[in-house]
Every structure is written in C-alpha cells, then in structure tokens.
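Listed below, chain by chain, are the residues.
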Amino acid sequence: SINLADNFAFTGTVSGAGGANTPAFQARNGSDQDIGYTGTFVKITCNTEVFDTDSKYDNSSNYRFTPTVAGKYYCYANIVFESTSSSNNGDNLIRLITAIYKNGSQAAYSQYNKGTQTDGAKQRSIQVITVLDLDADDYIELYGMADNGIAGSTRVAADASATYFGAYKIIT
C-alpha cells in the first residue's frame, strides 16, 4: 500500500503541453465611436488597453493585435451598439454585426438581424468568439457594422465593460 505521507523521487522526464497563455491582450474603446448607419464595416478603435502581456496590441494607430508567436488563439470581442437617431423613437437598430478580421478579411462574426424597420432596438450588445490559427506575422482587428435603414447614426458605446476586444494563445 502507498502511504500518502511518503515522498517519491521522480527520475524520468515530463512531456506534453506547457507554457503560458501569452501573448495576450484585452482593450476597450475609451470613448463613444460613431460608425454610421449604412451597413458599412468600420474598424473599432479600442484604444485603452486593459492588459497587453507582450506589447503586441497597437492601441494608437492600427488597433490590431500581431502576436509574433505562431499558434492557436482564442479571440473574443463585444460591441455595444447604440442608436443616436430620434427617428422611429430611436429604436432603429435593425442589423448589427461584430466581426473579427484576420489580415484584412472577415474571419468570424456574430449578428443581430431584426429584418424590418419597425420594432428594432435602441441598444444591443453583440459578442463574437472564435479560435484562429495565427502565424507570427498575422494580425487581427475588430470591426462593427450597423444597418438601420433609417437616417440617423449609430455609435459604439464606451465604458469599462461595453465594447472590448481580446485574444490569448492557447497552450497546445
């Protein structure tokens, strides 16, 4: 029998996964961002870093994450869309998309699509989550799109937990 108080000496080797979930980052937008209402994708400027373990997120010009370490990355984002229009009582958010782009092309998205110009929403939160294979020189960016069908505008809300974008390397 084994006594749980006994000490054992390990003389072999350990193999398998290991390491840290880095590089990793999360950023949020520091102020409301107007993205229009015409169904055009707009880059979301998450300019306030919550964390950036290896300084791989550009929060001042390109608003993109370039890992410089190849691997599989868990990528996530949330956008809170708000109507600024007084038309239709302001409840005119008809179609909204939160998208993660890889190297300039849409890689994953999530959408809200009311399908009509009546009974839309004044504010809506849309989240997207995906796992992407990223090479060292690949990059990811956050985009949003609002299609109201009614003249007005849509903004991406800014507060600590509203609109954010992040990723981290998965240990494999």
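In this text the structure is predicted, and so the values were computed from the model without any measurement. For every chain, the first residue of the written sequence is number 1, and numbering continues from 1 along that sequence. Predicted model: local features are reported for residues with pLDDT of at least 70 only, side-chain atom pairs are reported and counted for 80 or more only, and whole-chain, interface and lining totals are derived from all residues. The side-chain numbers reported here are obtained from all heavy atoms of the structure, hydrogens and water having been left aside.

### Focus: the overall build of the protein chain
- Labels follow the DSSP assignment, with helices taken as runs of H or I lasting at least four residues and strands as runs of E lasting at least two, numbered in each case from the N terminus. A tally of helices and strands in the protein chain yields 0 helices and 12 strands.
- When the helices and strands of the protein chain are placed in sequence order, the string is β-β-β-β-β-β-β-β-β-β-β-β.
- Out of the 172 residues in the protein chain, the part that is buried amounts to 40%.
- If you take every contact in the protein chain between residues at least 6 apart in sequence, the share linking residues at least 24 apart comes to 75%.
- Carbon and sulfur atoms form 44% of the exposed surface of the protein chain, whose accessible area is close to 8800 Å². For every residue, the accessible area (1.4 Å probe, protein chains only) is compared with the maximum for its type, and the residue is labelled buried under 20%, exposed over 50%, or partly exposed between those bounds. Note on contacts: a residue pair is in contact if any heavy atoms of the two residues lie within 4.5 Å. For the accessible areas, the method is Shrake-Rupley and the probe is 1.4 Å, while residue cover comes only from the protein chains on display.

### Points about the side chain of Thr98
- Mapped onto the secondary structure, Thr98 falls in strand 7 (residues 95–102).
- The exposure class assigned to Thr98 is buried, which follows from its relative accessible area of 0%.
- Pairing of N or O atoms within 3.5 Å defines a polar contact, subject to two protein rules: one partner must be a possible hydrogen donor and the other a possible acceptor, and residues neighboring in sequence count only if both atoms are side-chain atoms. Among the polar contacts made by the side chain of Thr98, one reaches the main-chain carbonyl oxygen of Ile126 at a distance of 3.0 Å.
- If sequence neighbours within four positions are ignored, Thr98 has contacts with Ala77, Ile79, Phe81, Ala108, Tyr109, Ser110, Ile126, Val128, Leu142 and Tyr143.

### Considering the confidence of the model for the protein chain
- For every residue, the predictor reports its confidence as pLDDT, a number between 0 and 100. Averaged over every residue, the pLDDT of the protein chain is 85; residues scoring 70 or more account for 79%.
- Between the elements of the protein chain, mean pLDDT differs from a low of 88, seen in strand 11 (residues 154–156), to a high of 98, seen in strand 5 (residues 64–65).

### Description of the environment of Ser85
- As for its position among the elements, Ser85 is in the loop between strand 6 (71–83) and strand 7.
- For Ser85, a relative accessible area of 7% corresponds to the buried category.
- Along the sequence, Ser85 and Asn148 sit 63 residues apart, while their C-alpha atoms lie 9.6 Å from each other.

### Points about the pairing of strand 6
- For strand 6, the tally of buried residues reaches 10 of 13 residues, placing the bulk of the element in the interior.
- Should DSSP find at least two bridges between two strands, the strands are taken to pair. Summarising the sheet, strand 6 and strand 9 (residues 123–134) pair through 12 bridges and their orientation is antiparallel. Across the sheet, residue Lys72 finds its bridge partner in strand 9, namely Asp133.
- Pairing of strand 6 with strand 12 (residues 164–169), which is carried by 6 bridges, proceeds in the antiparallel orientation. Among the inter-strand pairings, Asn78 is bridged to a residue of strand 12, identified as Tyr164.

### Thoughts on the packing of aromatic side chains
- Aromatic rings from Phe, Tyr and Trp, with only the six-membered ring used for Trp, were paired whenever their centres fell within 6.5 Å, and each pair was classed as stacked if the ring planes differed by under 30 degrees, edge-to-face if by over 60, and tilted otherwise. Counted under the stated rule, the structure contains 10 aromatic pairs.
- Where Phe25 meets Tyr57, the ring centres are 4.6 Å apart and the plane angle is 5°; that geometry is what we call stacked. Residue Phe25 is located in strand 1 (residues 24–28), and its partner Tyr57 is located in the loop between strand 4 (48–52) and strand 5; the two are separated by 32 residues in the primary sequence. Taken individually, Phe25 and Tyr57 each receive the classification buried, so the pair is uniform in this respect.
- One aromatic cluster in this structure is built from Phe25, Tyr57, Phe65, Tyr73 and Phe165.
- Positioned above the aromatic ring of Tyr139, the side-chain terminus of Arg64 is 3.7 Å from the ring centre.
- Working rule: Lys NZ or Arg CZ, within 6 Å of ring centre, within 35 degrees of ring normal, means a charge sits over the ring. Geometry around Tyr112 places Arg124 over its ring, the cationic atom sitting 3.9 Å from the centre.

### What about unusual backbone geometry?
- For the bond from Thr22 to Pro23, the omega torsion is 5°, close enough to zero to count as cis.
- Checked against the element boundaries, Pro23 lands in the segment before strand 1.
- Backbone geometry at Tyr63 places phi at a positive 50°, although glycine is not the residue there.
- With respect to the helices, strands and loops of the structure, Tyr63 is situated in the loop between strand 4 and strand 5.
- At Asn103, a residue that is not glycine, the phi angle is positive and equals roughly 55°.
- With respect to the helices and strands, the residue Asn103 is situated in the loop between strand 7 and strand 8 (105–113).

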